[in-house]
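# Architecture and fold: a report
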Amino acid sequence: MSSNDDREQRHNQRMARKKEVVDAAIAAATDKRGVLVVNTGNGKGKSSAAFGMVARALGHGQRVAVVQFIKGRSDTGEEAFFQQYALQQPERLVWQVCGEGFTWETQDLARDQATAAAAWQVALRYLSDPAYDLVVLDELTYLFKYRWLDLDAAIASLQARPPLQHVAITGRAAPEALIAAADTVSEINVVKHAFKAGIAAQPGVDY
Ligand code: ATP
Ligand code: MG
């Protein structure tokens, strides 16, 4: 047998073993229920991954609600794209921006808390409606960081949501208790970011 045949045989055996392991894992994963996904960390890709899930869910004919808790800028491509979709198919997608009242500069705590509470009420509407298959809570973690929203109460509401409803939460520094309550958690770390090299935020990449 040539060394190439030998390599091929070993490769095929490895792949067969791998397939057995993967097939067994797939067969064992029989639970079907809504999952709580958290995308956190300082690297780029938290919100865009959640919006990828929105596209995925809509592609499957699911009903989706997006609540944005902090409005960074008003000209994002994702908002333009999905608002257009929401306009055409309002029964399939709602996209609600709630963070416009936050005041980083004035640090008016009472006002910020009131804005956060109102935004959370918007989220609760979707989190209590089983008609929504996916609820995205974009940049929610900042409300915990600044203590504008009670963490335990928020987690209790997340856990009381309809059993088949998926939720995706994004934002840096997700609190431990939220990570513990979630089913799927990704921490996206920075290896490099173009902004640090002086490259301005690019449409289609950064917003
Ligand atoms: P994206 O919306 O691209 O998925 P994100 O949600 O992970 O990013 P945010 O912290 O919400 O990140 O910041 C949003 C904006 O800041 C985006 O324009 C993103 O490219 C940029 N950004 C994200 N991470 C970094 C970083 N480490 N340094 C500089 N800019 C960043
Ligand atoms: Mg984000």
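Residues numbered from 1 in each chain as written. Chains lettered and ligands numbered in written order. Predicted model: local features only at pLDDT ≥ 70, side-chain atom pairs only at ≥ 80, totals over all residues. Heavy atoms only, no water.

## Side note on the domain arrangement of the chain
You can read the domains of the chain as domain 1 (1-30) and domain 2 (33-190). On a C-alpha basis, the centres of domain 1 and domain 2 stand 40 Å from each other. (Domains from an automatic or database assignment.)

## What about the coordination of the magnesium ion (ligand 2)?
The protein atoms donating to the magnesium ion (ligand 2) are S47 (OG) and E139 (OE), with metal-donor distances spanning 2.1 Å. Highlighted residues: S47 in helix 2 (residues 46-59) and E139 in the loop between strand 4 (134-138) and helix 5 (141-145), separated in sequence by 92 residues. Since its relative accessible area comes to 16%, S47 is described here as buried. (Donors = N, O, S within 2.8 Å, 3.2 Å for Na, K, Ca; no water. Helix = DSSP H or I, 4+ residues; strand = E, 2+ residues; numbered from the N terminus. Buried < 20%, exposed > 50% of the residue type's maximum accessible area, 1.4 Å probe, protein only.)

## Some details on the nonpolar core
Judged by nonpolar contacts, the single largest core of 31 residues is most densely connected at F69, W120, L137, L140, L158 and I169. Broken down by secondary-structure element, the contributors of at least two residues to this core are strand 1 (36-40), strand 2 (64-68), helix 4 (109-127), strand 4, helix 5, helix 6 (151-159) and strand 5 (166-170). Per-element tally for this core: the top contributor is helix 4, with seven residues. Once residues within four sequence positions are removed from consideration, L137 is found in contact with V67, F69, W120, A123, L127, L158, V167, A168, I169 and T170. Formed by 17 residues, the second largest nonpolar core is a distinct cluster that contains A50, A57, F82 and A86. (Core = buried A, V, L, I, M, F, W, Y, C linked by side-chain atoms within 4.5 Å. Contact = heavy atoms within 4.5 Å.)

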